[in-house]
Amino acid sequence: MIQTNPAAVPTQAAPPDPRPARTRLHRAWFVAAVTFVTITGAAAFRSLPSLLIDPLHQEFGWSHGTIGAAVSLNLALYGVTAPFAAALMDRFGIRRVVAVALTVIAIGSGLTVWMTAAWQLWLCWGLLVGLGTGSMALAFAATVTNRWFTARRGLVTGILTAASASGQLVFLPLLSWTVEHHGWRPAAVTVALAALAVVPFVWLLLHDHPADVGQNPYGSAEFLPKPPPATGAARRTLKVLSASVRTGTFWLLAGTFAICGASTNGLIQTHFVPAEHDHGMPVTTAASLLAVIGVFDVVGTIASGWFTDRFEPRRLLAVYYALRGLSLVFLPMLLAPSVHPPMLFFIVFYGLDWVATVPPTLALCREQFGEDSAIVFGWVLASHQIGAALVAYLGGLARDVFGSYDLVWYASGTLCAAAALMSLVIRRVRPPEPVLATG
């Protein structure tokens, strides 16, 4: 019997595994998810102002203009605080700034249940909630996107923007039901609790920088060390403003975004429910229509982010503003006691365009201002909120003087047409041409 040495017999190699190797999901997507939940949850406090106008008017006898002034202060501080908050995030970190902002919002909203005078509304809802929301503005989303993503920035911006805008609207049915059946005070407490509920998620799960977890930004091939804390946040914010206001591009971006705020937060979000109520529609039904706008805004804003990664941002802005202006001009003819197909068409059409302007605007800020783009976008956002504040106040004043909102709808539609033209004027930055070696 012949024996063989097993070691001498060649073994056949195992066939390669046809299944692709499993890759771990980049940590940047987890950070984006936490940011999305944070912005959505915190957006409850942005839902309440339009629901407070009639109850406060009936209980305290305050005019629409007086209540609109408090909302205007809130919207203005929301914008003016944003660039300083972006610089503070570079100094103290995203997690600390956002956690403190949510706490301030909860305090401001909670204190409103004891108010008895208009100045207390301005203090609690105008000042405190305005400062808190300003620190949670879209500059927060811009900072997260700039730090954690090199690729897919437009898409991520669209997703986070959708969280901010839609979160403001999806809470409306619940809050309007609460106001209608239990009064406005339980609704204010609900908003305060919603803001506090988000704080643990921020503190435990939101990382400040990819270097904190030893990763590169998504889409980057090189590791970027975490920069040291940037001191002098206020000085840097004002320095960036001083440099950017010397460019015509800044004023075009600020002007178009001011009109964006005027035609969304200041107009529809603040005055749509009272306007429909003037025509006999129940508040809960009108608030539900705003919530539907929020649903379609998710689709429109994410799609806008996808488009921004592929198409010219200036042309996208021109199309968005033109379509928005057209829809606002037709709105006065659609207001009625009940929901009908033309109004549903407006809700879907306007919802797709609600804040679709944010991804291309932020892309233009990156293109034009580089590393300072988050702070510049904060200042551009300030103009957005100043426009919103003006229309929130002037809309209420027009309702007091003329007895309807018709003039406000037509004026806003005209402004959107102007914004479309301004978008096309923004200059394009061409990449530097390669330098050819000579010899």
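Just above, that's the structure.
Everything numeric in this text was worked out from a predicted model, so none of it was measured.

Conventions used here
Residues numbered from 1 in each chain as written. Predicted model: local features only at pLDDT ≥ 70, side-chain atom pairs only at ≥ 80, totals over all residues. Heavy atoms only, no water. Phe/Tyr/Trp six-rings, centres within 6.5 Å; stacked < 30°, edge-to-face > 60°. Helix = DSSP H or I, 4+ residues; strand = E, 2+ residues; numbered from the N terminus. Buried < 20%, exposed > 50% of the residue type's maximum accessible area, 1.4 Å probe, protein only. Lys NZ or Arg CZ within 6 Å of the ring centre and 35° of its normal. Axes fitted to C-alpha atoms, helices over the stretch in contact; angles between N-to-C directions. Parallel < 35°, antiparallel > 145°, perpendicular 65-115°, else oblique. Left-handed = near helix turned anticlockwise from the far one by under 90°. Contact = heavy atoms within 4.5 Å. Nonpolar A, V, L, I, M, F, W, Y, C, P; charged D, E, K, R; others polar. 1 Å grid on protein atoms, 1.4 Å probe; cavity = no way out; pocket = protein on both sides within 12 Å on 5 of 7 lines; lining within 4 Å. Points joined across faces, edges and corners; volume = space filled by probe spheres on them. Salt bridge = Lys/Arg side-chain N within 4 Å of Asp/Glu carboxyl O. Polar contact = N/O pair within 3.5 Å; in protein donor to acceptor, adjacent residues only side chain to side chain.

1. Here's the deal with the packing of aromatic side chains
Taken as a whole, this structure holds 14 aromatic pairs when the rule is applied. Each ring, one from Phe346 and one from Tyr350, has its centre 5.4 Å from the other, and the planes form 25°; the classification is stacked. Separated by four residues within a single helix, Phe346 and Tyr350 lie in helix H15 (residues 341–352), roughly one turn from each other. Phe346 gets classed as buried once you look at its relative accessible area, which sits at 3%. Grouping aromatic residues by their ring pairs yields a cluster made of Trp29, Phe149 and Tyr218. Against the face of Phe92 rests Arg91, its NZ or CZ located 4.8 Å from the ring centre. Over the face of the ring belonging to Trp203 we find Arg95, whose NZ or CZ atom lies 5.2 Å from the ring centre.

2. A word on the packing of helix H4 (residues 94–111) against helix H9 (residues 184–205)
Where H4 meets H9, the closest approach of the two axes is 8 Å, and the angle between their N-to-C directions is 165°. By the angle between their directions, the pair H4 and H9 is classed as roughly antiparallel. Crossing geometry of H4 relative to H9 is assigned as left-handed. Counted together, Arg95, Arg96, Val98, Ala99, Leu102, Thr103, Ile105, Ala106, Ser109 and Gly110 of H4 and Ala188, Val191, Ala192, Ala195, Leu196, Val198, Val199, Val202 and Trp203 of H9 form the full contact between these two elements. Taken together, the residues of the contact of H4 with H9 sort by class into 14 nonpolar, three polar and two charged.

3. Some thoughts on the layout of surface pockets
In this structure, the largest pocket encloses a volume near 820 Å³. Along the walls of the largest pocket sit 31 residues, with Asp90, Arg147, His209, Pro227 and Glu371 positioned nearest its centre. If you list the elements that add at least two residues to the lining of the largest pocket, you get helix H3 (64–92), helix H6 (138–148) and helix H17 (373–402). Top element by residues in the lining of the largest pocket is H3. It accounts for five residues. Looking at the lining of the largest pocket residue by residue, the class counts come to 13 nonpolar, seven polar and eleven charged.

4. Focus: the pattern of salt bridges
Close approach of charged atoms lets side chains of opposite charge pair. Summed over the entire model, instances satisfying the criterion amount to five salt bridges. The partner of Glu59 in a salt bridge is Arg185, with the nearest N and O atoms 2.9 Å apart. Pair noted here: Glu59 is in helix H2 (residues 49–60) and Arg185 is in helix H9, with a separation of 126 residues, a long-range link. On the basis of relative accessibility, which here comes to 29%, the residue Arg185 falls in the partly exposed class. Taken together, the shared-partner salt bridges in this structure form one network comprising Glu312, Arg314 and Glu367.

5. A short note on the environment of Arg147
Within the element layout of this structure, Arg147 appears in helix H6. Measuring from C-alpha to C-alpha, the distance between Arg147 and Lys226 comes to 9.7 Å, with 79 residues separating the pair along the chain. In this structure Arg147 touches Met89, Asp90, Ile94, Asp208, His209, Pro210 and Pro217, once residues within four positions along its chain are discounted. Within the structure, Arg147 has its side chain in polar contact with the backbone oxygen of Met89 (distance 3.1 Å).

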